[in-house]
Amino acid sequence: MNFFVRKLGVILFASAWLIACGDDSATSSLSENMEMDDSQGLIGIESSESFAIDIASSSSTFIPAELTPYSSFGEASETFSSSSRIDTFMVSSSSMDPMPDHGVPYMRILVDDATVLSRTDSVGEPAYIECTVEVAGNGKYSDIPKRTAKIKQRGNSTRLWYDKKPYRIKFQDKTEMLGLAANKDWVLLANFRDPTNFMNALAFDMAREMGSFDFVNANRFVEVEINGDYKGLYRLTEQIERSENRVNIAADGVLLSLDQDDGPELSPEATDNFWSATYKLPVAVKYPKTLDENNRDQIRSDFKQLEDAIASADYDLVQTLLDVNTLIDFLILQEITRNVELEAPRSMYLYKASAQGKYAFGPVWDFDGGFGYSWNEETKEYFYSQSWILGSGNPSESPYNCIAEKKNDWGMCASSGFGGFGGALWDGSAASGFFTNLFSNEYFVADYKERWLQLASNISDVVSERLDSYSTENALAMENDAARWPWPQRNSGSGKNFSASILQLQTWIQKRIADYTAVVNGY
């Protein structure tokens, strides 16, 4: 079928449907969106996005158009190929149609009503709806035939602030996904604010290279459509949970998240959180899943032992309670990525494999607030600052390094001399003493310095290799995503300029790695 016939068929179908629905403006609206392409002598649609929106907004009931994606804006392609681009955001939602191949896997999700994806439960949390999921591996992984599942929106800031939503999928049966061990629970991360699409993936890769974390989330990039609506490029990864192939802990183990959003202040109705006893950290219990007040108090009491050991800077005692290697690598990763969420804190996980075991930091998660983010929602500018979150001097000298009962109304240590105004200058963040006080112990500092010297060159190599690989593999999918979700960005002004941003990321983080050696030597 040639381009003209296909376009004309879509236009006539849409026009007839709109008129049947009682929209007298159908033909005029469609004609306004058409232009003559003199170079090809073919009729094309000037803006396929506005065309799809016009159809959808003409009736309260939306019927996905059976549109064939095109190889470029204004050109048709009879079949999908690895060099094709999606020209319209409405693609076929029929499971009988082949899924496109843009060099990465493609996921098709069907739900009865996509508008209820924003549904929440009685306490305002996202609620699951039934769906089916199928995946084309596109030569990289095995295909996944249509499976029964549930889907809901997930996360906090990305879900609440941006149109491109992150999702959580729960299959009816355990399902292998893109070469990853079978499980029911999977996450689709939107990475909307990330101008490169790869910041979180890169942080995970650095954590994997470190080798001290028992589990690091995988990176699988996949294009997603829901009911024929192309949603863009996502990163599929594992849900952080107790599982043999994820956080592998015993039945009497614990999984904790130090997270302001899930803690008592911002989630007061939750029954699985508490303020820690010594440093007043917001703690959410992710496992065990069923928790009564007695269990929660026991977990809080046990965690207090670790807090008190850190507060006393008793390195020998800390090492009996904590896998210190995971703490050192955790802090190095937060600093190299300049993850200011350490201050809140948010999404900082640690666990005990069993009741008699040691605490360990990880899995690492969520670096959206890192990489020198400017916190300017107009420009969404990253790679803005090279300051050190643990300070350019010894982190234990932070005016925030004290236990909760010794802090003043400004959250600073009463003995620091800051008083909220004036005083000695501090160029680091307000990270809790839970993360910084061990730097007052010379043996911990010596181990930290030695570890950084072991890691520096390897991390630098990983950054270069992975960014090059991701950029090549996802080139076409990134173009589709940038067209689907444009936003102002200082390198472009009219959407994501991922090529320039990836180069900026490479330059920014390599400088940070090179400069950190001098900082660590000064501890």
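As the structure is a computational prediction, the values presented were derived from the model and not from experiment.

A separate point is the pairing of strand 10 (residues 254–258). Taken across its five residues, strand 10 has five buried, putting it largely inside the fold. On strand 10, burial covers both faces: Val254, Leu256 and Leu258 on one face and Leu255 and Ser257 on the other are all buried. Bridge count between strand 10 and strand 13 (residues 348–352): five bridges; the pairing is antiparallel. Within the sheet, the bridge partner assigned to Leu255 lies in strand 13 and is Tyr351. Direction of pairing for strand 10 relative to strand 12 (residues 282–287): antiparallel, over a ladder of four bridges. In the strand pairing of strand 12, Ser257 is matched with Ala284.

This brings us to the sheet that holds strand 6 (residues 167–177). Taken in spatial order, the seven strands close into a barrel running 3-4-5-6-7-9-8, and their pairing is mixed. On average, adjacent strands in this sheet sit at an angle of 35° to one another, irrespective of strand direction. In this structure, strand 4 (residues 129–136) lies alongside strand 5 (residues 144–153), joined through six bridges in antiparallel fashion. Bridging across to strand 5, Ile129 finds its partner in Ile151.

Bringing the pairing of strand 8 (residues 220–226) into the picture now. In terms of burial, strand 8 is largely enclosed, as seven of its seven residues are buried. Here strand 8 shows two buried faces, one formed by Arg220, Val222, Val224 and Ile226 and the other by Phe221, Glu223 and Glu225. Where strand 3 (residues 106–110) lies against strand 8, four bridges are found, and the strand directions are parallel. Residue pairing across strands places Tyr106 opposite Glu223, the latter belonging to strand 8. By the bridge criterion, seven bridges tie strand 8 to strand 9 (residues 229–238) in an arrangement that is antiparallel. Residue pairing in the sheet places Val224 in a bridge with Gly232 of strand 9.

Analysis parameters
Residues numbered from 1 in each chain as written. Predicted model: local features only at pLDDT ≥ 70, side-chain atom pairs only at ≥ 80, totals over all residues. Heavy atoms only, no water. Buried < 20%, exposed > 50% of the residue type's maximum accessible area, 1.4 Å probe, protein only. Helix = DSSP H or I, 4+ residues; strand = E, 2+ residues; numbered from the N terminus. Pairing = 2+ DSSP bridges. Axes fitted to C-alpha atoms, helices over the stretch in contact; angles between N-to-C directions.

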